[in-house]
Amino acid sequence: MTIQLSEETEAQLAQLHDDAATGITGLASSMPTSVKGGYGTADVLAIIAAVVATADDLALINEVAAAQVRAVGQEFGATDGDVSSGFDALFDGMSDGNVDGMEMARR
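Remember, it's a predicted structure, so these values are computed and weren't measured experimentally. (Residues numbered from 1 in each chain as written. Predicted model: local features only at pLDDT ≥ 70, side-chain atom pairs only at ≥ 80, totals over all residues. Heavy atoms only, no water.)

Undergrad: Is there a simple way to explain the environment of Leu5 in this structure?
TA: As for its placement among the helices and strands, Leu5 is situated in the segment before helix H1 (7-28). Its relative accessible area of 24% is what places Leu5 among the partly exposed residues. The contacts of Leu5, once residues within four sequence positions are left out, are Glu10, Leu13, Val69, Val72, Gly73 and Phe76. (Helix = DSSP H or I, 4+ residues; strand = E, 2+ residues; numbered from the N terminus. Buried < 20%, exposed > 50% of the residue type's maximum accessible area, 1.4 Å probe, protein only. Contact = heavy atoms within 4.5 Å.)

Undergrad: I'm lost on the environment of Val35 in this one. Help?
TA: Within the secondary structure, Val35 is located in the loop between H1 and helix H2 (41-92). Separated by 10 residues in the primary sequence, Val35 and Leu45 have C-alpha atoms spaced 7.3 Å apart. Non-local contacts of Val35, meaning those with residues more than four positions away in its chain, are made with Thr41, Val44, Leu45 and Ile48.

Undergrad: What is the right way to read the side chain of Asn62 from this model?
TA: Take Asn62: it is sitting in helix H2. When neighbours within four sequence positions are excluded, Asn62 is seen to be in contact with His17, Ala20, Ala21 and Ile24.

Undergrad: Got a minute to help me understand the confidence of the model for the chain in this structure?
TA: If pLDDT is low for a region, its predicted coordinates should not be looked at in detail. Across the chain, the average pLDDT comes to 79, with 69% of residues at 70 or higher. The spread of mean pLDDT over the elements of the chain runs between strand S2 (residues 102-103), the lowest at 53, and H1, the highest at 89. (pLDDT = per-residue confidence, 0-100.)

Structure representation (structure tokens):
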């Protein structure tokens, strides 16, 4: 299994989570405090209160997801750099690029 996460994809995913967190927080602060729901007014207000109560959690989840996407992208980049450095050192240690009769080529 191969996992590929380009810097562009990482940035897009993280930004989408940041945008979601901002949007959720913005919507939660604009919820009505009163409604004309007739007999259902108490129930509608209870639903709105439940939505507002969970909005902070949803925003926080998206903030954490954005941070984790960035962390994974940084770790992938560091791992790629470490592997690349290892191969560079291997190739630099070869005098002519030929190991036991097998040609080794840099990409």
